[in-house]
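Close look at the chain arrangement
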Amino acid sequence: MARTDPKKDVVIVGLGWTGSIMGIELAQEGLEILALERGPDRATVPDFQYPKVIDELKYGIRYGFMQKPKNSTLTVRRTLEETALPMRKLGSFLPGDGVGGAGIHWNGQTWRPMAEEFRLRSYVEENFGADLIPEDMTIQDWGVSYEELEPYFDRFEYMAGIAGQAGNINGEIQPGGNPFEAPRSRGYPMPPMPEQTDMRLFREAATAMGYHPFPRPSANATQAYVNEYGMQLGPCNYCGFCERYGCINYSKSSPQTCVLDALKRYDNFSYRVNSEVLRVDLAADGQTATGVTYWDDEAQEEVTQPADLVILAAYQLHNVHLMLLSGIGEPYNPQTGEGVTGKNYAYQMNGGTTLFFRDHHFNPFAAAGSSGTSMDDFAINQIDFAAEGFIGGSYITAGLSNGQPIRGISLPEGTPGWGAEWKQGIGEWYGHSMSIGSHGSNMSYRDCYLDLDPTYTDRHGRPLMRMTFDWKRNDIRMTQFMKRQIEPIAQSMNPDSWRSSYKSGGARYDIRPYQTTHNVGGAIMGTDPNSSAVNRYLQAWGQHNVFVLGAGAFPQNIQYNPTGAVGALAYWAADAIRRDYLPNPRPLM
Amino acid sequence: MTNPSSQPPAFRTSRRRFLGGTASVAALAGLARPGEAQDQPDPRAALDGYTPEFLSAAEWAFIVAATARIIPSEGDGPGAIEAQVPVFIDRQLAGEFGAATDLYMEGPFVADADPNFGLQTPLTPAEIYREGIAAFDQWCQQEQGSSFADLDASAQDAALTALSRGEAGLAPEVRDFWTHLLQNTREGYFADPMYGGNAGMQAWVYIGYPGARANFREWVGRDEPYPMGPVNIAGERA
């Protein structure tokens, strides 16, 4: 069975943050828009309602809001020589599923990358010399500058209602903020989150050592707020169920709380759920897309959906998968370095030190996902890469985002993982530990990339995507550097004990433990069609009516959580489409 | 909860209601040790009214014995038996979790792959338990002369230690048996009671976790013990 539906002006693949933003921006142009979401519909009521969403087993452990590997997964290998095997069970990262995408289950930590990160290769070459970049490291400039993107960061932060303390407004350093951040045109729309006990202890210790701690910018509202679309947020009630859960309280910025109800009021916008796009259909000459073909789960048939403009707004991995399946851009070849689609997959290098205090009560269940005190004293623009022998940086944070017990109770070094001593340990130490974490960059490399797997297929018979990725010496040196900075801070706080966890030499990528859902690259942006998959407006080089949103555009990973940059790039691309593309559809570069 | 006497009165009261006070906790601890003289009812009696949905009688005996060593009754706080963890595990194995409903189960399978590649067995979690229990019990027979459930506590601990280290001779297809058993035991200890474990929210009371209250704005930054006991998703208080 198959059918062809009437043509639309725009088809949007995926209805998470970027699909919602592009949807409402283009709906304002009066275009006929259809969004296709492969997961189910989701709304605050009934899907995130109290008390049923306060269920650690169903959502935190069994991943109720995440993609099911049965429906969608990939294969992984660590070297070009290995045979990739499928990720049969979620672990390392947790792509979202359904309307709202990962925008419903994030913690809300919302950053702007440093100005230097947008032109990382140039920054390194100018300041430390090109010789410092290892031969197999394939970092690039983004093709867009922080200064160009600043208005779009501002737009996203005011739309999403971010709470924070500015550190640099138009070049003026602000007390209490991050003095190392790039200049912003105005402060955050909401004041920062209040200080928890662990944040206070860290702030005092970091300040005493001459560092510059500040409240972590947060998409957990601190006040009542109405955004540009008329959507309303209420102040966070610290329920302790943020990451992996939808927000019960209309407090966490998400497509549901910030965009969707406003978007659904446009008669020219519609969306279909349980509709998985199988491929982007190209014209016979390959120069444009004619629309998409998707699987209508309800009708159990393939649907051809013609459209003038195709927006890929799925998760980074799935955008790249669709490009590879559809012939958008030449697939990257790690042997020759030629080809662009799938190039420069990167991840995030994190580590941390856990501190145990018998006499402090951290009450970790009284938590919000973004609550934390951070410092950028060892950020990318603060490190002498030549002296330290690596390229990259981290932000360092103390913050407790939840106190859910199945997800793990930190125990002092040497405590067994089961038996009487484990039970005694959880009784003694639950609520008595805090952590200082390093959230770090990850460079891109010649042999870290995405392509199609030769063996495994999905439920539609399509090849799974294959990820080739491993940890590299440069990034391990970076995280070991952070360990050397964090441990003295921890020691200065005089805990009863502490333990560290940072990757060290020889660490191999392990898909089992959760690390982070900050997968980037594979659809990287740039100004040269020979080295990037999309241009600086996120427009496919070969098919001018295809735009690819999301973190796939990052040529290497930033040292921050990606959503701030993903949101800013979505507004940047939407603005280019509205102002420049729609009046005269053509390659914008 | 390093020092129960430092807890506010309300919390201590609720804890006592479950555990019957410190003195009887100590008494219970002795009771749960297999093979020791017991002059009070075995806490396992609380499981007697439950008819397993998935596990056979021998498998049930194994799960009861193994979880009782993973989270023993001795010492402060409930053990896996008091929390009725075996009920949780049986129900999980009888349901979607046991059937691998969400997992990618297409071949080819490389069960002996580097462990960093995660689960690569063709078996569902329910089958991992079924084959894992049989294989491990056989190993216990060979090494110790009896099935796991019939060993004394220290021999059980030694056998589980071998299992956890991958030294119990299990085939690659069931090498994740221990990981599942440990994880599911912790889940049954701490999950909402509607799933069959964490009976009476005892595990939440023990560590001081308030369960599904989900509203703590006034507790931000307060460096003192939280005074209220837990509630569950059904709205009951401990």
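Provided above is the structure to which this section pertains.
The following paragraphs examine the structure supplied in this document. Note that the coordinates shown come from a computational prediction; the quantities given were computed from them, not determined experimentally.

The residue after Val45 of chain A, namely Pro46 of chain A, is reached through a cis peptide bond having omega 15°. Relative to the helices and strands, Pro46 of chain A is located in helix 2 (residues 44–47). Unlike most non-glycine residues, Asn170 of chain A shows phi in positive territory, near 50°. For Asn170 of chain A, the location among the structural elements is in the loop between strand 6 (168–169) and strand 7 (172–173). One non-glycine residue, Ala214 of chain B, lies in the positive phi region at around 55°. Relative to the assigned elements, Ala214 of chain B resides in the segment after helix 8 (202–207).

Right, let's talk about the pairing of strand 19 (residues 449–457) of chain A for a bit. All names here are of chain A. Bridge count between strand 19 and strand 20 (residues 463–468): 5 bridges; the pairing is antiparallel. The residue bridging Asp451 from the neighbouring strand is Arg466, located in strand 20. Taking the residues that link successive antiparallel strands as the turn, the strand 19-strand 20 hairpin has 5 residues, and the phi of Gly461 there is positive, at about 85°.

Listed as interface residues are 71 residues of chain B and, on the opposing side, 68 residues of chain A. Applying the counting criterion to the chain B and chain A interface returns 3 salt bridges. The residue Arg200 of chain A makes a salt bridge to Asp223 of chain B at a minimum N-O spacing of 3.8 Å. Our count for the contact surface shared by chain B and chain A stands at 34 residue pairs in polar contact (both at pLDDT 80 or more).

The final tally for this structure, using the stated rule, is 54 aromatic pairs over all chains. Between the aromatic rings of Tyr59 of chain A and Phe65 of chain A, the centroid separation amounts to 4.4 Å while the plane-to-plane angle is 20°, which identifies the pairing as stacked. In this structure Phe65 of chain A comes out as buried when scored by relative accessible area, which is 2%. On the numbers, 4.7 Å between centres and 65° between planes, the contact of Phe118 of chain A with Trp142 of chain A is edge-to-face. A residue pair is termed long-range when its members are at least 10 positions apart, and Phe118 of chain A in the loop between strand 5 (85–86) and helix 4 (120–128) and Trp142 of chain A in the loop between helix 4 and helix 5 (146–160) qualify at 24 residues. Each member of the pair, Phe118 of chain A as well as Trp142 of chain A, carries the same accessibility label: buried. In this structure, Lys472 of chain A packs its charged tip against the face of Tyr445 of chain A, placed 5.7 Å from the ring centre. Stacked on the ring of Phe54 of chain B, the Lys or Arg Arg130 of chain B has its end atom at 4.1 Å from the ring centre.

Right, let's get into helix 4 of chain A. All names here are of chain A. Along helix 4, the residues that are buried comprise Leu120, Ser122, Tyr123 and Val124. Lining the buried residues of helix 4 we find helix 9 (385–388). Among the residues trailing helix 4, Gly129 stands out with phi positive, at a value near 95°.

Before going further, it helps to examine the layout of surface pockets. Residues and elements named next belong to chain A. Within this model, the second largest pocket holds a volume of roughly 220 Å³. Around the second largest pocket, the lining is made up of 14 residues, and of these Arg38, Gly39, Asn71, Asp97 and Arg459 lie nearest the centre. Tallied by class, residues from the lining of the second largest pocket come to 2 nonpolar, 6 polar and 6 charged.

Another aspect to go through is the sheet that holds strand 19 of chain A. Think of a sheet as strands paired side by side through backbone hydrogen bonds, with each pair either parallel or antiparallel. Strand order in the open sheet formed by 4 strands is 5-4-20-19 (chain A), and the pairing between neighbours is mixed. The sheet terminates laterally at strand 5 and strand 19 of chain A, the two strands that pair on one side only.

Moving on, we get to the packing of helix 5 of chain A against helix 12 (residues 563–581) of chain A. Residues and elements named next belong to chain A. Running from N to C, helix 5 and helix 12 cross one another at 110°; their axes reach a closest spacing of 8 Å. Put simply, helix 5 runs roughly perpendicular to helix 12. Here helix 5 runs over helix 12; the crossing is right-handed. Taken together, the residues of helix 12 that come into contact with helix 5 (itself represented by Glu148, Leu149, Tyr152, Phe153, Arg155, Phe156 and Met159) are Thr563, Gly564, Ala565, Gly567, Ala568, Leu569, Tyr571, Trp572, Asp575 and Arg579.

Analysis parameters
- Residues numbered from 1 in each chain as written.
- Chains lettered and ligands numbered in written order.
- Predicted model: local features only at pLDDT ≥ 70, side-chain atom pairs only at ≥ 80, totals over all residues.
- Heavy atoms only, no water.
- Helix = DSSP H or I, 4+ residues; strand = E, 2+ residues; numbered from the N terminus.
- Pairing = 2+ DSSP bridges.
- Contact = heavy atoms within 4.5 Å.
- Salt bridge = Lys/Arg side-chain N within 4 Å of Asp/Glu carboxyl O.
- Polar contact = N/O pair within 3.5 Å; in protein donor to acceptor, adjacent residues only side chain to side chain.
- Phe/Tyr/Trp six-rings, centres within 6.5 Å; stacked < 30°, edge-to-face > 60°.
- Buried < 20%, exposed > 50% of the residue type's maximum accessible area, 1.4 Å probe, protein only.
- Lys NZ or Arg CZ within 6 Å of the ring centre and 35° of its normal.
- 1 Å grid on protein atoms, 1.4 Å probe; cavity = no way out; pocket = protein on both sides within 12 Å on 5 of 7 lines; lining within 4 Å.
- Points joined across faces, edges and corners; volume = space filled by probe spheres on them.
- Nonpolar A, V, L, I, M, F, W, Y, C, P; charged D, E, K, R; others polar.
- Axes fitted to C-alpha atoms, helices over the stretch in contact; angles between N-to-C directions.
- Parallel < 35°, antiparallel > 145°, perpendicular 65-115°, else oblique.
- Left-handed = near helix turned anticlockwise from the far one by under 90°.

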